[in-house]
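As a plain string of letters, each chain reads:
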Amino acid sequence: MARLYAGFGGRLKPGPAIPSPNIWNWPEVYERENAAQDVDDAVWAVLRELADWAGADVLDVGCGDGFHLPRFASDAASVVGAEPHPPLVARARARVAGLDRVRVVEAGAANLPLSDRSVDVVHARTAYFFGPGCEDGLAEADRVLRPGGVLAIVDLDFTAAPYGDWLRADLPRYDPAKVERWFDERGFVMRRVPTTWRFDDRATLEAVLRIEFSREVAARAIAATPGLTIPVGYRVHVRRAPTGLLARPGHARR
């Protein structure tokens, strides 16, 4: 997923949606990547513990083509996917067409078309919330969360070998410790989650690594992976919205 962080040298820049070349350019390969990720549901178990969505109104920020929306919809009260890239919005809407509690909106993290205090869980996975520069998105998440609601940000762990090593090789300016401190200073708690990616065949594994990394690093990763599995670490950052008198009203948007 180094390509997802392309252009990130320590701070996000305001403006149009930041391109995600992996899913934007190769959505079919990315679909197979999603299917291979976290085969033991380790990240989902941590989310269930820290940000349980059962019976909740859920917002998935940067939902891409909606891969995770049906999972939330299985026992959430309602689910909204927000995605700024129109072709992915279309794919996400097609994916959830038969789910009456799910809708997809074309919107970025910093300008959500939702009312104040309208959701219980805001989830974002390897999307937008990469560290310094995502303050506008954090403010929007705070605005739409109900008192006591949870913002859960899932990102890759750049310190966990081997995938983290490949990420740092492609992104030498990315400082994992600085990013982790940034979240800590803003009241998040963090859980490191080791996972396994498991592919059905070598062709898919190699195709995924080629869309995620530069040619040189992808070749290195392919050579270092003899089988069909890759250990991949994640970080789950969670922050709960204040309750009672500490909760701050925002401005409704439609």
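Please read these numbers as outputs of a predicted model, since none were measured by experiment. Residue positions are given per chain, counted from 1 along the sequence in the order it is written. Restriction of local features to residues with pLDDT of at least 70 applies here, the model being predicted, together with a cutoff of 80 or more for giving and counting side-chain atom pairs; totals for whole chains, interfaces and linings are based on all residues. In computing side-chain values, all of the structure's heavy atoms are included and hydrogens and water are not.

**Q** When you look at the sheet that holds strand E6 (residues 189-198) in this model, what are you seeing that I'm missing?
**A** Adjacent strands of a sheet pair through backbone hydrogen bonds, lying either parallel or antiparallel. Whether two strands pair depends on DSSP finding at least two bridges between them. Strands here mean DSSP runs of E at least two residues long; helices mean DSSP runs of H or I at least four residues long; both are numbered from the N terminus. Read across the open sheet, the seven strands follow the order E3-E2-E1-E4-E5-E7-E6; overall the sheet is mixed. Bordering the open sheet on either side are strand E3 (102-106) and E6, each of which pairs with just one other strand. Averaged over all neighbouring strand pairs, the angle between strand axes comes to 20°, with direction disregarded. Here strand E4 (residues 119-125) pairs with strand E5 (residues 145-156) via six bridges, running parallel. If you follow Ala124 over to E5, its bridge partner there is Ile153. To get an axis, fit a line to the C-alpha atoms, keeping to the stretch in contact for a helix; angles then go from 0 to 180 degrees between the N-to-C directions.

**Q** What is the right way to read helix H9 (residues 202-212) from this model?
**A** An α-helical turn contains 3.6 residues, so any two residues separated by three or four positions project in the same direction. Among the 11 residues in H9, eight count as buried, and that is most of the element. A simple rule labels every residue: compare its accessible area, found with a 1.4 Å probe on the protein chains alone, to the largest value its type can have, and call it buried under 20%, exposed over 50%, or partly exposed in between. What H9 keeps buried is the set Thr204, Leu205, Glu206, Ala207, Val208, Leu209, Ile211 and Glu212. Identification of polar contacts relies on pairs of N or O atoms within 3.5 Å, with a donor-acceptor requirement for protein atoms, meaning one able to donate a hydrogen and the other able to accept it, and with residues adjacent in sequence counted only if both atoms are side-chain atoms. By the N-cap criterion, in which a side-chain oxygen at the helix start approaches the backbone nitrogen of a residue two or three places on, H9 is capped by Asp201, the distance to Ala203 being 3.3 Å.

**Q** How do you make sense of the nonpolar core when you look at a structure like this?
**A** Put simply, buried Ala, Val, Leu, Ile, Met, Phe, Trp, Tyr and Cys residues joined by side-chain atoms within 4.5 Å make one nonpolar core. Formed by 78 residues in total, the largest nonpolar core has its most connected members in Leu59, Val122, Tyr163, Leu209 and Ile230. Per-element accounting of this core gives the leading share, seven residues, to E5. The residues touching Val122, leaving out its near neighbours within four places in the chain, are Leu59, Val61, Ala141, Val144, Leu145, Val150, Leu151 and Ala152. Throughout, a residue-residue contact means that at least one pair of heavy atoms, one from each residue, lies within 4.5 Å.

**Q** Would you mind showing me how to read the packing of helix H7 (residues 163-170) against helix H10 (residues 215-223) here?
**A** With their axes 10 Å apart at the nearest point, H7 and H10 run at an angle of 165° to one another. As far as their axial angle goes, H10 and H7 are roughly antiparallel. Note that H7 runs across H10; the crossing there is right-handed. Residue-level contacts link Asp165, Trp166, Ala169 and Asp170 of H7 to Val217, Arg220 and Ala221 of H10. Orientation is classified from the angle alone, with under 35 degrees giving roughly parallel, over 145 giving roughly antiparallel, 65 to 115 giving roughly perpendicular, and any other angle giving oblique. The crossing is said to be left-handed when, going from far helix to near helix, the turn is anticlockwise and less than a right angle, and right-handed when the turn is clockwise.

**Q** What is the right way to look at the packing of helix H2 (residues 27-36) against H9 in this model?
**A** For any two helices packed against each other, one specifies the inter-axial angle together with the distance between the axes. Here H2 crosses H9 at 115°, and the two axes come no closer than 10 Å. On the basis of their axis angle, the class for H2 and H9 is roughly perpendicular. Crossing of H2 against H9: the hand is left-handed. Packed against H2, whose contacting residues are Val29, Tyr30, Arg32 and Glu33, the element H9 presents Thr204, Ala207, Val208, Ile211 and Glu212 at the interface. Only Asp, Glu, Lys and Arg are considered charged, only Ala, Val, Leu, Ile, Met, Phe, Trp, Tyr, Cys and Pro nonpolar, and every remaining residue, Gly among them, polar. A per-class count over the contact of H2 with H9 returns five nonpolar, one polar and three charged.

**Q** When you look at the packing of aromatic side chains in this model, what are you seeing that I'm missing?
**A** The way to describe two aromatic rings as a pair is by their centre distance and the angle between their planes. Note on aromatic pairs: the rings of Phe, Tyr and Trp (six-membered ring only in Trp) are paired at centre separations within 6.5 Å, and the planes decide the class, stacked below 30 degrees, edge-to-face beyond 60, tilted for the rest. In total, this model carries 11 aromatic pairs according to the counting rule given. On the numbers, 5.3 Å between centres and 90° between planes, the contact of Phe183 with Phe188 is edge-to-face. The exposure classification of Phe183 matches that of Phe188, with both residues buried. Members of the aromatic cluster, connected to one another through ring pairs, are Tyr163, Trp166, Trp197 and Phe213. Just above the ring of Trp53 sits the side chain of Arg48; from NZ or CZ to the centre is 3.8 Å. The ring of Trp44 has Arg125 sitting right over it, with the charged end atom 4.6 Å from the ring centre. Placement of a charge over a ring requires the Lys NZ or Arg CZ to be within 6 Å of the ring centre, with the centre-to-atom vector within 35 degrees of the ring normal.

**Q** Before we go on, may I ask you to explain unusual backbone geometry in this structure?
**A** A negative phi angle is the norm for most residues apart from glycine, just as the trans form is the norm for most peptide bonds. In this chain, Ala161 is followed by Pro162 through a cis amide linkage whose omega measures -5°. Counting through the fold element by element, Pro162 comes out in the loop between E5 and H7. Unlike most non-glycine residues, Asp41 shows phi in positive territory, near 60°. Mapped onto the elements of the fold, Asp41 is located in the loop between H2 and helix H3 (42-50). In this structure Asp41 comes out as partly exposed when scored by relative accessible area, which is 31%. At Tyr128, a residue that is not glycine, the phi angle is positive and equals roughly 65°.

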